[in-house]
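# Structural features, examined
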Amino acid sequence: MRTITPRLRTLVLLFLAVTGALLAGAGPASAHAALTGSDPSQGVVVTKAPDQVSLTFSENVSMNDNSIRVLDPQGKRVDLAKPDNLSGTTYGVQLKSGLGKGTYTVAWQVVSADSHPVAGAFTFSVGAPSKTVASVGDQEAGGGVVGWLYGFGRYMSYAGYIVLVGGAAFVLACWQRGSGVRAMQRLVVGGWLTLTAATLWLLLLRGSYTTSGSVGDIFDLNLLGQVLQTKTGAALVSRLLLLAAAALFIAVLFGAYDKREEEEKRDLTFGLAIGGTVVAAGLAASWAMAEHASTGLQPGIAMPVDVIHLLAVAAWLGGLTALLVALYRAPADAPVDSAAVQRFSRVAFGSVLALVATGIYQSWRQLGSWSAFTDTAYGELLLVKIGLVALLVGIASISRRWTGRLAEAAVTEPETKTEPETKAEPETAPKTKTETVEETQEEAAREKETVKASVATKEASVKAAGSGAGVPAVSGVSAASGSSGSSGKAGSADDDPERAAQLARQQSAMDTARQKRLRDADPHRFGLRRSVLAEAGVAVALLAVTTVLTQTEPGRTEQDAKAATAAASSSSSSSSSSGALTLDMSFDTGGKDGKGVVRVDLDPATVGSNEMHVYVQRPNGRAFDIPEVKVAFTLDAKKLGPIPVNPDHVTTGHWAANGVQIPIAGDWKVSVTVRTSDIDQVTVSKNAQIG
């Protein structure tokens, strides 16, 4: 026990550390729908106030009454009624009539088709830009405390599912004797309780997670009612109903099934296998029908593939957890046998093959190109996951070798037992490990019988002492009894029953400890335990990365959204009757929050006075503030410049300058210096024809 507890404690600490680091570092859940266009477009200056504002997304989204808000320069709402679906993936909201001049802010927050919230904001101006008090900042949909709690709930739901399904499959397919082992029962029931509690937790958090992000809204019954009407709410409720069926399955597995004879178990095993597979697949579908697989490319194929992927993960990692518990916590008189370990090894190998096949398809579907591995957050996380899977497979190969040695030892042991005694080794020859174990077991049995006889004799002596001197002493112990009685202690008769019970408990503990020492003395079993423990540690980190991956925008979606935004900007620039110029430049200062895109709008982009707007966005399209932005114009052909321009800050991620003078027409170099911290700064530039 001294070596077991610290290792399990280390595994638990690893679980908490990895989960905390990943969930805390993940920040708000990345959006899986992206804004690809708007009318009015970002930063545009219109002469007449529009009647409505429309937003176009990369996929269908869900909205509520506050999904699109339009704020005037004083920060007051000027939108009317609930947003409507105008066509396809375009949604709009009507505006009040008679809007005055100035800069207006459009803030939006929606739920993408794969259940994740997404938010953002931009500005447009009527007549001319102005100062605005509206401050929406970097919209953190799904962030904050509620976002962290929701992410932790997702992790625990995955962990509960894996332990529940994998543990039950291990008992049913690999180690049927385990149905009577208390440690295995606790493991599977613990998985069921974890998944049930996590599902209820997610159901409560869902409303606040997709709207305000406030802790006070977690128990808002109105939000809960709205959640139940969504696709995600239906998936969570269906999961709870399937968990009720899973509870019946567990009751039969560890109740009636355990009490059946071996012959009677065969038919029941088949029925439990069919029923358990149906319930496990249904639970997996509750994820597939509401997340990545349910939207995007080929959802009809992606959802069944996702179900198979989750089942394979549960069979492998959940079975691995069950094997770890069996190796460490199984009773000494009923350890997990080598045949069960071999059966699990075959199941794990088949699960890995299924994971590879389904994983390749999912990677192609979510990324779409090789460049997405390095150019998107989803691709980078996927590379980490692939590395952890490769490490896990490598450790599993070591476990397979230990499994083979354990099986060989199990085959050799019966052969050794059947050898005639006449062929025994001379006394001087070294004893084999099997002979040593057998002799130790025989010695333990003899000691146990001796102690039992001693305890029975003492009980008889106590009864004799209590009934008077007329009862004859038992042969063989009369001397001991007499010497004990002649000591003059009158109260010894009352203490002997407690002493006898104490001796019995001590002997039982000694027997258990001796059996565990015998079990753990096997080097093959010891090596297998260590390798399986290492596998479990990697599996904890792998599950945490997978949880964060499911909350990250797929690489294909991110790249498609960038392409659509660039195309819309190009179209807007080329079709503008005023001849306005728009330049987009990516930057990376190398520091924290150092990556982004800076956009320069110059209107009317002619010789003379011009109006300039500068916008700074994160790679995901969200506006954010930086300490300093400077612009310079240089005409190398005429050796003019650089002409510096220091724009004024208007609102989050937006700077503007009026009266920017361009002296002559030509191919001007527009340079933008971006500073994201006291020391992190970079200058990016593009050439454009002005005038």
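Residues numbered from 1 in each chain as written. Predicted model: local features only at pLDDT ≥ 70, side-chain atom pairs only at ≥ 80, totals over all residues. Heavy atoms only, no water.

Let us now look at the overall build of the protein chain. Along the backbone of the protein chain there are 16 helices and 18 strands. Burial statistics for the protein chain: of 691 residues in total, 45% are counted as buried. Roughly 33400 Å² of accessible area belongs to the protein chain as shown, and the carbon and sulfur atoms make up 58% of that amount. (Helix = DSSP H or I, 4+ residues; strand = E, 2+ residues; numbered from the N terminus. Buried < 20%, exposed > 50% of the residue type's maximum accessible area, 1.4 Å probe, protein only. Areas by Shrake-Rupley, 256 points an atom, 1.4 Å probe, with all protein chains shown as cover.)

Turning our eyes to something else, we now look at the nonpolar core. In this structure, Tyr-161, Leu-164, Phe-170, Trp-175, Met-184, Leu-253 and Leu-317 are the most contacted members of the largest nonpolar core, which totals 81 residues. When neighbours within four sequence positions are excluded, Met-184 is seen to be in contact with Phe-170, Val-171, Trp-175, Gly-178, Phe-254, Ala-322, Val-325 and Ala-326. In this structure, Val-629, Leu-635, Trp-655 and Val-670 belong to the second largest nonpolar core, which totals 29 residues. (Core = buried A, V, L, I, M, F, W, Y, C linked by side-chain atoms within 4.5 Å. Contact = heavy atoms within 4.5 Å.)

Strand order in this open sheet of four strands is 14-13-17-18, and the pairing throughout is antiparallel. The open sheet terminates on both sides in strands that have one partner only, identified here as strand 14 (640–645) and strand 18 (681–690). Direction aside, neighbouring strands of the sheet carry axes that sit 20° apart on average. Bridge count for strand 17 (residues 666–675) against strand 18 is 10 bridges, and the pairing is antiparallel. Bridge pairing links Arg-675 to Gln-681 in strand 18. (Pairing = 2+ DSSP bridges. Axes fitted to C-alpha atoms, helices over the stretch in contact; angles between N-to-C directions.)

Attention now goes to the side chain of Thr-676. Looking at where Thr-676 falls in the secondary structure, it is placed in the loop between strand 17 and strand 18. Residue contacts for Thr-676: discarding those within four places in its chain leaves Phe-587, Thr-589, Lys-592, Asp-593, Gly-594, Ile-626 and Pro-627.

With that settled, consider the packing of aromatic side chains. Applying the stated criterion to the full structure yields 11 aromatic pairs. An angle of 5° between the planes, with centres 5.6 Å apart, marks the rings of Trp-148 and Phe-152 as stacked. Of this pair, Trp-148 and Phe-152 both sit in helix 2 (residues 144–173), separated by four residues, roughly a single helical turn. Trp-148 sits in the partly exposed class, given a relative accessible area of 35%. What makes Phe-152 partly exposed here is its relative accessible area of 27%. For the pair Tyr-361 and Trp-364, a centre-to-centre distance of 5.9 Å together with 40° between the ring planes defines the contact as tilted. Here Tyr-361 pairs with Trp-364, and both are found in helix 9 (residues 338–367), just three residues apart, close to one helical turn. Across from the ring centre of Trp-287, 3.9 Å away, lies the NZ or CZ of Arg-239, which sits over that ring. Note that Arg-618 overlies the ring of Phe-624, its terminal NZ or CZ placed 4.5 Å from the centroid. (Phe/Tyr/Trp six-rings, centres within 6.5 Å; stacked < 30°, edge-to-face > 60°. Lys NZ or Arg CZ within 6 Å of the ring centre and 35° of its normal.)

This next bit is on the packing of helix 2 against helix 8 (residues 299–329). Close contact between helix 2 and helix 8 brings their axes to 6 Å; oriented N to C, the two are set at 75°. Judged by the angle between their axes, helix 2 and helix 8 are roughly perpendicular. Here helix 2 contributes Tyr-158, Tyr-161, Ile-162, Val-165, Gly-166, Gly-167 and Phe-170 to the contact with helix 8, which in turn contributes Leu-310, Leu-311, Val-313, Ala-314, Leu-317, Gly-318, Gly-319, Ala-322 and Leu-323. Looking at the contact of helix 2 with helix 8, its residues break down into 12 nonpolar, four polar and no charged. (Parallel < 35°, antiparallel > 145°, perpendicular 65-115°, else oblique. Nonpolar A, V, L, I, M, F, W, Y, C, P; charged D, E, K, R; others polar.)

Okay, helix 5 (residues 231–253) next. Given a rise of 1.5 Å per residue, 23 residues ought to cover 33 Å, and the 33 Å separating the end C-alpha atoms of helix 5 matches this to within 8%. Listed in full, the buried residues belonging to helix 5 are Thr-232, Gly-233, Ala-235, Leu-236, Arg-239, Leu-243, Ala-246, Phe-249, Ile-250 and Leu-253. (Expected span 1.5 Å × (residues − 1).)

In this section: the packing of helix 2 against helix 5. Look at helix 2 against helix 5: their axes get within 13 Å of each other, and the N-to-C directions meet at 30°. When the axes of helix 2 and helix 5 are compared, the pair comes out roughly parallel. Crossing of helix 2 against helix 5: the hand is left-handed. In this structure, helix 2 uses Tyr-150, Ser-157, Leu-164, Ala-168, Val-171 and Leu-172 to contact helix 5, whose residues at the interface are Thr-232, Arg-239, Leu-243, Ala-246, Phe-249, Ile-250 and Leu-253. Classifying every residue of the contact of helix 2 with helix 5 by side-chain character gives 10 nonpolar, two polar and one charged. (Left-handed = near helix turned anticlockwise from the far one by under 90°.)

Glancing now at the confidence of the model for the protein chain. With 76% of its residues at a pLDDT of 70 or more, the protein chain has an overall mean of 77. Note on residues 10–31: pLDDT under 50 across the span, and 46 contacts to partners over four residues away in sequence or across chains. Counting contacts from residues 460–494, a segment whose pLDDT is below 50, to residues more than four positions away or on other chains yields nine contacts. (pLDDT = per-residue confidence, 0-100.)

Time to look at the pattern of salt bridges. When their charged atoms lie close together, side chains carrying opposite charge are able to pair. Within the structure shown, the criterion is met by five salt bridges. Between Glu-291 and Arg-154 there is a salt bridge, and its shortest N-O distance comes to 2.7 Å. Of the two residues, Glu-291 is situated in the loop between helix 7 (262–288) and helix 8 and Arg-154 in helix 2; the sequence distance between them amounts to 137 residues. Like Glu-291, the residue Arg-154 is buried in the burial classification. (Salt bridge = Lys/Arg side-chain N within 4 Å of Asp/Glu carboxyl O.)

In this structure, strand 10 (residues 581–588) lies alongside strand 11 (residues 595–603), joined through eight bridges in antiparallel fashion. What sits directly across from Thr-582, in strand 11, is Asp-601. Here strand 10 folds back onto strand 11, and the loop between the two strands holds six residues, one of which, Gly-590, carries a positive phi near 90°. As paired strands, strand 11 and strand 12 (residues 608–617) are joined by seven bridges and run antiparallel to one another. Paired with Val-598 across the strands is Val-616, a residue of strand 12. Linking strand 11 to strand 12, which pair antiparallel, is a turn of four residues; within it Ala-605 sits at a positive phi near 60°.

What follows is about the sheet that holds strand 7 (residues 90–95). Backbone-to-backbone hydrogen bonds join strands into a sheet, with any given pair of strands oriented parallel or antiparallel. Taken in spatial order, the four strands line up as 1-3-7-6 in an open sheet, and their pairing is antiparallel. Edge positions in the open sheet fall to strand 1 (35–39) and strand 6 (79–87), since each of these has one partner strand only. The average angle at which neighbouring strand axes cross in this sheet is 20°, direction not considered. Inspection of the sheet shows strand 3 (residues 52–57) paired to strand 7 by five bridges, in the antiparallel sense. Bridged to Gln-52 within strand 7 is Gln-94.

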